[in-house]
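One letter stands for each residue in the lines below.
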Amino acid sequence: MPALLRPRTWPVHARAVLLAGVVAAIAGIGMWTTHAARSLEDTTVSLRFRVRPAVPPNDLAVVGIDAETFSDYADQRRWPYPRTWHAQVLDELHRLGAKKVIYDVQFTEATSPTEDMALYDAIGRFPGTILATTETDAHGHTNVLGGDENLARVGARAAMASFPILAGGEIAKMEPSRDGVATIAVAAARSLGRKVDLKAFEKRGAWIDFRGPPGTIPTYHFSDVRDRHLPASAVRGKVVVVGMTAPTGQDVHPTPTVRDELMSGPEVQANALWTVLHGLPLHTAPGWASVLAILLLALAPAAAALRLRTLSVLTAPVLAVVYVGVAYLAFVQGWILPVVAPLAGLALSAVGTVTASYLTERRERHRVSRHNAALEQAVRERTAELEETQLEVVRRLALAAEWRDEDTGEHVERIGVLCESLALAAGFSARDAETLRLASVLHDVGKIGIPDRVLLKPGRLDAEEWAIMKTHAEIGASMLSGSPSPLVQLGEEIARTHHERWDGSGYPAGLRGTEIPLVGRIVALCDVFDALRSKRPYKDAWTLEQALDEIRGQRGRHFDPELVDLFLPLAGARGGADEPPPLSLAA
């Protein structure tokens, strides 16, 4: 198939990390749609409330039946207070110019006719008063001060005072109605002439946009109002919520605004009313925004892994911090984005991406390792093959020169064995000694350039012929020069120097003593010894003792004295009859 038509496939690593991101996104969306972490999500909303600065409203006030009130009236009356007192408070608030009163005290049961009528008449003098209740009948009717019809005659109405409770036990939302009765905030807003859009309430109720922690809404003592100690400026033009604020009254509740302090029921009602009056400004973010947030956070680590590889793990905490900041800014603007599900998707994606990257990279390393091992084996085999070829060429080149003036080519093999043994005795490593054995076969390769009339002459050479013969050292070195092979380079050095003598009388350069390379001195000794022990056209083979005596005699003259001392026991022990091993470069 042509390359342009071949379907493009993504690398295994890319597919693995993207799969991890998709799985994390699905898990996050599943957590969000099923509300699996509702309690934890409500906790994040509480944290946002606590971080947001308090903004006290200027159109609301609370008159609390608090500990100070109980203290002021301790010698007069215990709770519940007579309804004439509540009538006095209503009349005083009306005199001070309060705009509307919400009475968060239940007057469901009848008391004495005098008391009940005193409160009823005071309500009639302050039309639009809202009275709290938590009880209704099957038809949504209440029994506050004789029932809804009685309240309607004086322009008042009863409203539901209860709130839904979140999973964490907090009051954070409000309903438009319950059991057919409008809640206090909705009833009060309508009483003030505001149109309330019930469709704006979410399924689980609208979020109460708390103005701050307990005490944010100005609160005054019930006793100060009844005793006419409250200045008009405190309540003039405001909606006033009257109710129990003392903890002993058990109308205090946990809210998302603070961890360890409870908020009184009247202040909760005031915050709920502010929320309705301002059009329910706090909303749960649309579903598409929540899903988009989960998808972006879940897929981000996978995308980062494709670009940053090992640094991708650092993106998760950075993204988490950024998203928490975005969620808070959205909250300030009136939108509650989910936090738990997106962060859970991000965490799952980060773990999954790192795991997928690790597994795929380990798989890739194993594949590369296997490939490298196979490649190294192929290289070793090819190297061995080249070494064998090189040795074969060297050996045949040496034999080509040797066979011109010898019956066989065993001379070069025997010299190689002798040189290796002497080199080991002189302190060479096994590898270097073997290399010397292989290179020594090239010592007389220059004989290829010597004419047959000289090289094959059966008798002694005259001066001119001997001069020609001696050129074989330089001819051999010249033939081997310039090679990159260490073996051939060593052969060049041997060919050039194996006819030099310790006393300086050798050729071609007349080197003396240690000026002669050690390999040249070793080959010189072994070459002479084997030549003495070999039959030539112009002489018979010497005995071992004759050859050794000659070597001793040339100690310090032809040969290196130390090498002679090392060689004599070696040659004597070997008996002068060595079978050469196969050529090899193995250590």
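Residues numbered from 1 in each chain as written. Predicted model: local features only at pLDDT ≥ 70, side-chain atom pairs only at ≥ 80, totals over all residues. Heavy atoms only, no water.

To continue, consider the overall build of the chain. Of the regular secondary structure elements, the chain holds 21 helices and 14 strands. Sorting the 587 residues of the chain into buried and exposed places 47% on the buried side. About 29,100 Å² of surface is accessible on the chain, with carbon and sulfur atoms providing 57% of the total. (Helix = DSSP H or I, 4+ residues; strand = E, 2+ residues; numbered from the N terminus. Buried < 20%, exposed > 50% of the residue type's maximum accessible area, 1.4 Å probe, protein only. Areas by Shrake-Rupley, 256 points an atom, 1.4 Å probe, with all protein chains shown as cover.)

Turning next to helix 2 (residues 38-51). Between its first and last C-alpha, helix 2 extends 20 Å over 14 residues, near the 20 Å set by a 1.5 Å rise per residue. What helix 2 keeps buried is the set Glu41, Asp42, Thr44, Val45, Ser46, Arg48 and Phe49. (Expected span 1.5 Å × (residues − 1).)

Moving on: helix 9 (residues 265-277). The end-to-end C-alpha separation of helix 9 is 18 Å, in line with the 18 Å expected for 13 residues at 1.5 Å each. In terms of burial, helix 9 is a largely internal element, 13 of the 13 residues being buried. Backbone geometry just downstream of helix 9 places Gly279 in the positive-phi region, at approximately 75°.

Two numbers describe how helix 18 (residues 486-497) lies on helix 19 (residues 518-532): the axes approach to 8 Å, and their chain directions differ by 60°. Between helix 18 and helix 19, the interaxial angle falls into the category oblique. In this structure, helix 18 meets helix 19 at a crossing whose hand is right-handed. Contact with helix 18, carried on its side by Leu490, Glu493, Ile494 and Thr497, involves Val519, Gly520 and Val523 of helix 19 and no other residues of that element. Grouping the amino acids of the contact of helix 18 with helix 19 by side-chain chemistry returns four nonpolar, two polar and one charged. (Axes fitted to C-alpha atoms, helices over the stretch in contact; angles between N-to-C directions. Parallel < 35°, antiparallel > 145°, perpendicular 65-115°, else oblique. Left-handed = near helix turned anticlockwise from the far one by under 90°. Contact = heavy atoms within 4.5 Å. Nonpolar A, V, L, I, M, F, W, Y, C, P; charged D, E, K, R; others polar.)

Looking now at the packing of aromatic side chains. Scanning all chains against the criterion turns up eleven aromatic pairs. Over the ring of Tyr73 we find Arg226; its NZ or CZ atom is 5.2 Å from the centre of that ring. Here Arg226 stacks its cationic end above the ring of Trp85, 3.8 Å away from the centre of that ring. (Phe/Tyr/Trp six-rings, centres within 6.5 Å; stacked < 30°, edge-to-face > 60°. Lys NZ or Arg CZ within 6 Å of the ring centre and 35° of its normal.)

Turning next to the sheet that holds strand 1 (residues 60-65). Sheets are built from strands paired through backbone hydrogen bonds, the pairs being either parallel or antiparallel. With parallel pairing, six strands are arranged side by side in an open sheet as 4-3-2-10-1-9. Edge positions in the open sheet fall to strand 4 (157-160) and strand 9 (219-221), since each of these has one partner strand only. Strand after strand, the sheet turns through a mean of 25° between neighbouring axes, direction not considered. (Pairing = 2+ DSSP bridges.)

Attention now moves to the pairing of strand 4. In terms of strand pairing, strand 3 (residues 130-133) meets strand 4 through four bridges, oriented parallel. Across the sheet, residue Leu131 finds its bridge partner in strand 4, namely Ala158. This β-α-β element, strand 3 to helix 6 (residues 148-153) to strand 4, shows right-handed connectivity. (Right-handed = clockwise from strand over helix to strand, strands pointing away.)

Attention now goes to the nonpolar core. In this structure, Ile102, Met174, Phe201, Ile208, Leu273 and Val276 are the most contacted members of the largest nonpolar core, which totals 42 residues. Mapped by element, the contributors of at least two residues to this core are helix 2, strand 1, strand 3, helix 7 (184-191), strand 8 (206-207), strand 10 (239-244) and helix 9. With seven residues, helix 9 is the single largest residue contributor to this core. Beyond its immediate sequence surroundings of up to four residues, Met174 is in contact with Phe163, Pro164, Ala185, Phe201, Gly205, Ala206, Ile208, Ala272, Thr275, Val276 and Leu280. Counting residues in each nonpolar core, the second largest holds 38 residues, with Tyr81, Ala158, Ala232 and Val235 among its members. (Core = buried A, V, L, I, M, F, W, Y, C linked by side-chain atoms within 4.5 Å.)

A few words now on the pattern of salt bridges. Evaluation of the coordinates by the stated rule reveals 19 salt bridges. Ionic pairing is found between Arg83 and Asp116, a salt bridge with its closest N-O pair at 2.7 Å. Of the two residues, Arg83 is situated in helix 4 (residues 83-96) and Asp116 in helix 5 (residues 113-125); the sequence distance between them amounts to 33 residues. Judged by its relative accessible area of 8%, Arg83 falls in the buried class. One salt bridge in this structure joins Asp549 and Arg552, with 2.6 Å as the shortest N-O distance. Of the two residues, Asp549 and Arg552 both sit in helix 20 (residues 544-553), three residues apart, roughly one turn of that helix. Residue class for Arg552 comes out partly exposed when judged on its relative accessible area of 41%. (Salt bridge = Lys/Arg side-chain N within 4 Å of Asp/Glu carboxyl O.)

Bringing the side chain of Glu500 into the picture now. Following the sequence through the fold, Glu500 ends up in the loop between helix 18 and helix 19. An unpaired buried charge is present at Glu500: no salt bridge exists, and Arg496, the closest side chain of opposite charge, is 8.3 Å distant. At a separation of 2.7 Å, a polar atom in the side chain of Glu500 contacts the main-chain amide nitrogen of Leu511. Excluding residues within four positions of it along the chain, Glu500 makes contact with Gly506, Tyr507, Pro508, Ala509, Gly510, Leu511, Ile516, Ala524 and His558. (Lys, Arg positive; Asp, Glu negative; His and termini not counted. Polar contact = N/O pair within 3.5 Å; in protein donor to acceptor, adjacent residues only side chain to side chain.)

There is a patch of nonpolar side chains on the surface, built from Val22, Ile26, Leu295 and Leu299 and spanning about 320 Å² of accessible area. When contributions to the nonpolar patch are tallied by element, the ones reaching two or more residues are helix 1 (12-34) and helix 10 (287-308). On the secondary structure map, Leu299 appears in helix 10. (Patch = residues over 30% accessible without salt bridge, like charges linked within 9 Å, V, L, I, M, F, W, Y side chains within 5 Å.)

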